[in-house]
Amino acid sequence: MENLDVYVLRQLAGWRSLGQRALLATVVRTWGSSPRPVGSIMALHEDGAVVGSVSGGCIEDDLLYRYVSPKPGAANQAPTEAEVLRDGPPQLVRYGVTADEAHRFGLPCGGTLELLLEFN
């Protein structure tokens, strides 16, 4: 059986070799309780397919919503967050900074985690 991280990276490489867009999310830092340890990874394909895990569900759902949302119709509109995610440089994002956000994303005991998002 193949290691989950190797499987995620192989899937991501396969998508990218076909010219398909995807992002790699990596847990780079945690504070308090965290659902997944530092180093956990997930890949998200432009069609919404997810491989791996950074939180066990809630954060994956938020990234899916932000990354796969449709582009604006008019050329003169500002880019949506999803467009920035699709074409932007790597970003650090935090989940669970406030107690309310920690509860919203299902992070236990007020935990916080920081992700590095790398885009194709």
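If you're wondering where the values come from, they're calculated on a predicted model, not measured in any experiment.

Reading the values: rules and limits
- Numbering of residues starts from 1 in each chain and follows the order in which that chain's sequence is written.
- Note on the predicted model: pLDDT of at least 70 is required for a residue's local features to be given, and 80 or more for side-chain atom pairs to be given and counted; whole-chain, interface and lining totals, by contrast, use all residues.
- Only hydrogens and water are set aside when side-chain values are computed; all heavy atoms of the structure are taken into account.
- Strands are runs of DSSP state E lasting at least two residues, helices are runs of H or I lasting at least four, and both sets are numbered from the N terminus onward.
- Helix span, expected: 1.5 Å multiplied by one less than the number of residues in the helix.
- Relative accessibility under 20% of the residue-type maximum defines a buried residue, over 50% an exposed one, and the middle range a partly exposed one, all with a 1.4 Å probe and only protein chains included.
- Picture the helix axis, draw a direction to every C-beta atom, and the arc is the one those directions span.
- Contact between two residues is taken to exist if any of their heavy atoms lie within 4.5 Å; hydrogens are not considered.
- What qualifies as a polar contact is a pair of N or O atoms within 3.5 Å, subject to a donor-acceptor requirement within protein and to the restriction that residues adjacent in sequence count only when both atoms come from side chains.
- Two strands are counted as paired when DSSP detects at least two bridges linking them.
- To define axes, lines are fitted to C-alpha atoms, for helices over the stretch in contact only, and angles between the resulting N-to-C directions are given on a 0 to 180 degree scale.

Caption draft 1: Quick peek at helix α1 (residues 4-17). Here α1 contains 14 residues, and its C-alpha end-to-end distance of 20 Å stays within 8% of the 20 Å for a straight helix at 1.5 Å per residue. Residues of α1 that are buried include every one of V8, L12 and W15, and no others. Down the axis of α1, the sector holding all buried residues measures 60°, keeping them to one side. More than 90 degrees from the buried face of α1, the exposed residues found are R10 and S17. The secondary structure elements touched by the buried residues of α1 are β1 (22-31), β2 (41-45) and β3 (50-52). Of the residues flanking the start of α1, the one acting as N-cap is N3, its side-chain oxygen 2.6 Å from the backbone nitrogen of D5. Trailing α1 by a residue or two, G19 shows a phi angle of about 80°, which is positive.

Caption draft 2: Structural view of the sheet that holds strand β4 (residues 91-95). Ordered by their spatial adjacency, five strands build an open sheet running β3-β2-β1-β5-β4, and the pairing between neighbours is antiparallel. Since the sheet does not close on itself, it has two edges, and those belong to β3 and β4, each with one partner. Each strand of the sheet is rotated relative to its neighbour by a mean of 25°, with strand direction disregarded. Strand direction decides the pairing type here: β1 and β2, joined by five bridges, are antiparallel. Of the residues in β2, the one forming a bridge with T26 is I41. The sheet contacts of helix α2 (residues 58-68) involve β1, β2, β3, β4 and β5 (112-119), and relative to β2 the element is tilted by about 30°.

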